[in-house]
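Residue-level listing of the chains:
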Amino acid sequence: MSSYFKIAKKKFKKLKHKKDIIVLAIESSCDETSIAVVKNGMQVLSNIVSSQIDIHKKFGGVVPEIASRNHLIVIDDVLQEALETANVTLKQIDAIAVTYGAGLMGALLVGVTYAKSLAFALQIPLIKVNHIEAHISANYICNENLKPKFIALIVSGGHTALVLVENYSTFKLIGSTHDDAVGECFDKVAKVLGLGYPGGPIIDEIAKKGVACINFAKINNVNTSFDFSYSGLKSAVINYLHKAKQNKVEINVADVCASFEKTAIDVLIKKSILACKKFKINKLVIAGGVSANNYLRKNLKIECLENNIQLFMPQIKYCTDNASMVASEGYFKIRSGKNLANLKLTAEPGLNLKYSKKL
Ligand code: KG4
Ligand code: ZN
């Protein structure tokens, strides 16, 4: 065992019982370079997010190699800003948390290597954090009273899943997508409509001005399980656009967006409520980039109220990728004595939630 890891292990054990824990977290899994300083998993002292959206926009999506290079360019400045905003020095940091998967290999490696270097230089514990678990943790930041057990709807660019969260680290998979993730579907539909990247927020805005009058519903998610499928919906929108072009019919983009959004989101709402009922849990949490969607937030609120389900949603700024959620997840891992990493830690692009079993 290296002398660093011996020291880190000792400090990690002590940390579990320390009254106040300050975690510095790093997130670089995709196109956001983010560093946050968070006290006790909930009190965000700083949350700096440097987005590369403008750089990738012209390519219509994230270019992995460009993402890695830009993480490298900005990460020093992001750290400086995170420390200054939090008004803390590196000496006050108790542990470093870092996203090690899922995500883009090169992008993840920048964050992981930076985190390892910091942890080694400061001789403090390094905590490895799963990006999907971190998205769920965004809810602990925003809702002090939230405690497991609950049902979580995870909706991002890479994931669409319903999960039973039994405690801070036991997850049971209820259902997931067979093909595209819902966020990916928003991005692809926006691309064929020529609306730009990322598609989710753009469709969200445009859909508000439209009417959901086009029926894409039959194609999508008609089965009765808790699983999802989005590739059919994507094809349905593409076919609709092709037919309109062939027949020289003018399309109403706002109506297409509203109809697509309704079809994509209604099934998430329906299955989330059904999952709460089936497992007799009246607490529902949403997480991931798509949880910023206005139609989802508004309609899920109504449905939860009608069904006596307590709904928890992250603030918009904590829905998409950010390091605060990584710090929060890291904090809960420290308190439960889990996820201490050594300096051999590497990126795991295909990491999923560690489900204890499928229900
Ligand atoms: O969680 P996230 O930032 O990154 C991943 O872990 O994938 O999610 C990004 C995804 C993108 O597909 C983006 O289009 C979608 O979240 N998204 C939205 C909205 N804001 C972001 N989708 C629908 N409505 C939104 N307002
Ligand atoms: Zn994410």
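Remember, predicted model here, so these are calculated numbers, not experimental data.

(A) Fine view of the overall build of the chain. Scanning the chain from terminus to terminus reveals eleven helices and twelve strands. Relative to the 2.2 N^0.38 estimate, which gives 21 Å for 359 residues, the radius of gyration of the chain is 21 Å and therefore close to what a compact globule would have. Summarising its shape, the C-alpha atoms of the chain cover approximately 70 × 45 × 35 Å along the three principal directions. For the chain, the proportion of its 359 residues judged to be buried stands at 53%. For the chain, long-range pairs separated by at least 24 residues make up 73% of all intrachain contacts whose partners lie at least 6 apart in sequence. Put simply, the chain shows about 16,000 Å² of open surface, and 54% of that area lies on carbon and sulfur atoms. Across the chain, 46 positive and 30 negative side-chain charges occur, with their mean positions spaced 9 Å apart.

(B) Region of the structure containing helix H6 (residues 182-192). Buried residues of H6: Val-182, Gly-183, Cys-185, Phe-186, Val-189 and Ala-190, and no others. The buried residues of H6 occupy one face: seen down the axis, they fall within an arc of 160 degrees. In this fold, the buried residues of H6 make contact with strand S6 (150-155), strand S7 (160-167), helix H7 (199-207), helix H8 (231-246) and helix H9 (253-278). With its phi angle positive at about 70 degrees, Gly-194 sits one or two positions after the end of H6.

(C) A look at the environment of Ile-96. Within the element layout of this structure, Ile-96 appears in strand S4 (residues 95-101). Counting along the chain gives 234 residues from Ile-96 to Gly-330, while the straight-line C-alpha distance between them is 8.2 Å. Apart from residues lying up to four places away in sequence, Ile-96 is in contact with Leu-24, Ile-26, Ala-115, Leu-118, Ala-119, Leu-122, Ile-124, Pro-125, Leu-126 and Ile-127.

(D) Quick peek at the sheet that holds strand S5 (residues 126-130). A sheet is described by the order of its strands in space; here six strands give the open sequence S3-S2-S1-S4-S5-S11, paired in mixed fashion. Both outer strands of the open sheet, strand S3 (43-51) and strand S11 (340-341), are each paired with one neighbouring strand and no more. Where S5 and S11 come together, two bridges link them in antiparallel fashion. The residue bridging Leu-126 from the neighbouring strand is Ala-341, located in S11. Sheet strands in contact with helix H3 (residues 64-86) are strand S1 (22-27), strand S2 (32-39) and S3, and its direction is about 25 degrees off that of S2.

(E) Up close: the coordination of the zinc ion (ligand 2). Looking at the zinc ion (ligand 2), the protein donor atoms are His-131 (NE2), His-135 (NE2) and Asp-321 (OD), and they sit 2.0 to 2.1 Å from it. Written as a sequence motif, the donor residues of the zinc ion (ligand 2) are H-x3-H-x185-D. With His-135 in helix H5 (residues 131-142) and Asp-321 in the loop between strand S10 (310-312) and helix H11 (324-335), this residue pair connects regions lying 186 residues apart in the sequence. For His-135, a relative accessible area of 2% puts it in the buried group.

(F) Layout of the environment of Lys-13. Positionally, Lys-13 belongs in helix H1 (residues 3-15). Taking the C-alpha atoms as reference, Lys-13 lies 9.7 Å from Pro-125; in sequence the two are 112 residues apart.

(G) How the structure looks around H7. Restricting attention to buried positions, one finds in H7 the residues Gly-199, Gly-200, Ile-203, Asp-204, Ile-206 and Ala-207. In the core, the buried residues of H7 are packed alongside H6, H9 and helix H10 (294-306).

(H) Quick peek at the side chain of Glu-27. Structurally, Glu-27 is set in strand S1. Comment: no salt bridge for buried Glu-27; closest opposite-charge side chain is Lys-333, at 14 Å. One polar contact links Glu-27 to Thr-99, side chain to side chain, over a distance of 2.7 Å. Non-local contacts of Glu-27, meaning those with residues more than four positions away in its chain, are made with Glu-32, Thr-33, Ser-34, Thr-99, His-131, Asp-321, Asn-322, Ala-323 and Val-326.

(I) Main features of the site of ligand 1. Taken together, 19 residues form the shell around ligand 1, and within it His-135, Gly-157, Asp-187, Asp-204 and Gly-289 come nearest. Separating a nitrogen atom of ligand 1 from a side-chain N or O atom of Asn-293 is a distance of 3.1 Å. The backbone of Asp-321 places a nitrogen or oxygen atom 3.1 Å from an oxygen atom of ligand 1. Coverage of ligand 1 by the protein chains reaches 88% of its 550 Å² of free accessible surface. Spatially, ligand 1 is embedded in the largest pocket.

(J) Representation of a negative patch on the surface within the structure. On the surface, Asp-76, Asp-77, Glu-81 and Glu-84 cluster together into a negatively charged patch. When its relative accessible area of 58% is taken as the criterion, Glu-84 is described as exposed.

What counts, and where the lines are drawn
Residues numbered from 1 in each chain as written. Chains lettered and ligands numbered in written order. Predicted model: local features only at pLDDT ≥ 70, side-chain atom pairs only at ≥ 80, totals over all residues. Heavy atoms only, no water. Helix = DSSP H or I, 4+ residues; strand = E, 2+ residues; numbered from the N terminus. Rg over C-alpha atoms; globule rule 2.2 N^0.38 Å. Buried < 20%, exposed > 50% of the residue type's maximum accessible area, 1.4 Å probe, protein only. Contact = heavy atoms within 4.5 Å. Areas by Shrake-Rupley, 256 points an atom, 1.4 Å probe, with all protein chains shown as cover. Lys, Arg positive; Asp, Glu negative; His and termini not counted. Charge placed at Lys NZ, Arg CZ, Asp CG, Glu CD. Arc of directions from axis to C-beta. Pairing = 2+ DSSP bridges. Axes fitted to C-alpha atoms, helices over the stretch in contact; angles between N-to-C directions. Donors = N, O, S within 2.8 Å, 3.2 Å for Na, K, Ca; no water. Salt bridge = Lys/Arg side-chain N within 4 Å of Asp/Glu carboxyl O. Polar contact = N/O pair within 3.5 Å; in protein donor to acceptor, adjacent residues only side chain to side chain. Near = heavy atom within 4 Å. 1 Å grid on protein atoms, 1.4 Å probe; cavity = no way out; pocket = protein on both sides within 12 Å on 5 of 7 lines; lining within 4 Å. Sits in = over half its atoms within 2 Å of the grid points. Patch = residues over 30% accessible without salt bridge, like charges linked within 9 Å, V, L, I, M, F, W, Y side chains within 5 Å.

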